[in-house]
Structures are given as C-alpha cells and as structure tokens.
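Fold and geometry: a report
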Amino acid sequence: MNPRILQLLALVFIALVLLQSVLGGVLFWHSIGITPHAIFSHYEHKSLHGLLEVVSPHALFIAVALMATLHFLSFIPTINENTKRVTTHLLFGLFILDQGSVFFIASGFELFAIIKLGSFILFELLLGWVWIIIFEKTLRELK
C-alpha cells in the first residue's frame with residue numbers, strides 16, 4: 001500500500017479518536033462531574049448490571065482505539081523503542097484503572113473515586129501526547 005495513503009489514514013483516524021476523547025471528557029464532566037465526591041456519588045449506588053452496561057462498550061471501543069493508535073505509533077521509526085514500550089504499558093494500565101475503579105467505587109471504596117479521576121486525567125494527557133507525536137512525525141514525513 002502507498003505510504004502516503006497510510007499516513008493520511010493514520011491522521012484521519014487519530015483526528016477521529018481525538019474528537020471522541022474530547023467529547024468523552026466533556027460528557028464525563030457534564031454528566032458525572034470532575035470531583036472525587038461527584039464521581040463517588042454517581043457510582044456508589046450502581047448495580048453490577050448497570051456498571052457492565054457502561055464499562056463493556058467503553059472498554060471495547062477504547063481498547064480498539066488504543067490498539068490502532070499504538071500500532072500507528074509503533075510504525076514511526078524515529079521514536080525510541082523504550083518510549084513506545086513505556087507509553088503502551090502506561091496507557092493500558094491507566095485504562096484498566098479508569099474502567100475498573102468503578103467496581104470498587106460501587107463497593108463503597110471512596111479512594112477509588114480519586115484513582116478514577118487521576119487515571120482518567122493521566123490517560124487523556126498521555127494519549128494526547130501520543131497523538132501530538134504521531135501528528136508531528138507523520139506530518140514531518142509528508143513534507
């Protein structure tokens with residue numbers, strides 16, 4: 001396949017994931033809130049069924065988007081292999097903390113509201129940094 005087409009597809013995909021991420025953050029802020037108390041209050045009375053209805057589609061979409069994004073990252077030869085490995089492990093670790101913490105919040109562990117908020121923010125920031133790297137390196141290669 002033509003490398004220019006792959007680069008264009010990567011940029012379009014990353015733009016789509018970026019838009020989805022920003023919209024997800026705004027919806028999280030408006031529907032739940034961004035304080036640990038608001039997060040705990042939102043999830044503390046949810047049933048397992050209710051949590052699974054929310055977590056399952058999020059986990060599926062985010063995991064697929066992460067895999068695709070990190071594949072694009074892995075194909076950029078000018079990025080250090082250690083950076084790629086650490087970024088991949090951190091993103092998936094933060095993703096699991098973010099999605100899994102709701103089950104502990106529903107079980108009454110208030111500490112996990114802070115963990116959810118922190119992992120969500122760190123996940124978004126790290127993913128944004130990865131997108132910037134991909135955009136920068138891809139656009140530099142297009143010149």
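Structure: above.
I will try to describe carefully the structure that is included in this document. Remember, predicted model here, so these are calculated numbers, not experimental data. (Residues numbered from 1 in each chain as written. Predicted model: local features only at pLDDT ≥ 70, side-chain atom pairs only at ≥ 80, totals over all residues. Heavy atoms only, no water.)

**Structural notes on the overall build of the chain**
- Check the secondary structure of the chain and you find 5 helices and 0 strands.
- Ordered by position from N to C terminus, the α and β elements of the chain give α-α-α-α-α.
- The C-alpha extent of the chain, read off along each of the three principal axes, is 55 × 25 × 25 Å.
- Across the 143 residues that make up the chain, the buried fraction comes to 34%. (Helix = DSSP H or I, 4+ residues; strand = E, 2+ residues; numbered from the N terminus. Buried < 20%, exposed > 50% of the residue type's maximum accessible area, 1.4 Å probe, protein only.)

**Some words on the environment of Phe 104**
- Note that Phe 104 resides in helix α4 (residues 81–106).
- Classification of Phe 104 as partly exposed rests on a relative accessible area of 40%.
- Each C-alpha atom of the pair Phe 104 and Phe 40 lies 9.9 Å from the other, and the pair is 64 residues apart in sequence.

**A few points about α4**
- When the terminal C-alpha atoms of α4 are compared, their 39 Å separation across 26 residues agrees well with the 38 Å that a helix rising 1.5 Å per residue should span.
- Bending of α4 peaks at approximately 30° at the position of Gly 100.
- Along α4, the positions that sit buried rather than exposed are Lys 84, Thr 87, Leu 91, Leu 94, Phe 95, Asp 98, Gln 99, Ser 101, Val 102 and Ile 105.
- Its side-chain oxygen placed 2.5 Å from the backbone nitrogen of Asn 82, Asn 80 serves as the N-cap of α4.
- Within two residues after α4, Gly 108 carries a phi angle of roughly 100°, on the positive side. (Expected span 1.5 Å × (residues − 1). Bend = angle between axes of the 7 residues up to and from the residue. Polar contact = N/O pair within 3.5 Å; in protein donor to acceptor, adjacent residues only side chain to side chain.)

**Structural notes on the nonpolar core**
- Membership of the largest hydrophobic core comes to 19 residues, with the highest contact counts inside it found for Leu 66, Leu 73, Leu 91, Phe 123, Leu 127 and Ile 134.
- For this core, the secondary-structure elements that each account for two or more residues are α1 (3–31), α3 (48–74), α4 and α5 (111–142).
- Per-element tally for this core: the top contributor is α5, with 7 residues. (Core = buried A, V, L, I, M, F, W, Y, C linked by side-chain atoms within 4.5 Å.)

**Considering the layout of surface pockets**
- The volume enclosed by the largest pocket comes to roughly 640 Å³.
- Gly 24, His 58, Ile 62, Gln 99 and Phe 120 are, among the 29 residues lining the largest pocket, the residues nearest its centre.
- Of the residues contributing to the lining of the largest pocket, the split by class is 16 nonpolar, 9 polar and 4 charged. (1 Å grid on protein atoms, 1.4 Å probe; cavity = no way out; pocket = protein on both sides within 12 Å on 5 of 7 lines; lining within 4 Å. Points joined across faces, edges and corners; volume = space filled by probe spheres on them. Nonpolar A, V, L, I, M, F, W, Y, C, P; charged D, E, K, R; others polar.)

**A few points about the environment of Val 55**
- Mapping Val 55 onto the fold places it in helix α3.
- Residue class for Val 55 comes out buried when judged on its relative accessible area of 11%.
- Along the chain, Val 55 and Ser 101 lie 46 residues apart, while their C-alpha atoms are 10 Å from each other.
- Once residues lying within four places of it in the same chain are set aside, the contact partners of Val 55 are Gln 99, Val 102 and Phe 103. (Contact = heavy atoms within 4.5 Å.)

**Here we look at the packing of aromatic side chains**
- The full count for this structure, using the stated rule, is 5 aromatic pairs.
- Ring plane angle 70° and centroid distance 6.3 Å describe the contact between Phe 109 and Phe 112, whose orientation is recorded as edge-to-face.
- For Phe 109, a relative accessible area of 46% corresponds to the partly exposed category.
- The buried category is assigned to Phe 112, whose relative accessible area is 19%.
- Of the aromatic side chains, those joined through ring pairs into one cluster are Phe 104, Phe 109 and Phe 112. (Phe/Tyr/Trp six-rings, centres within 6.5 Å; stacked < 30°, edge-to-face > 60°.)

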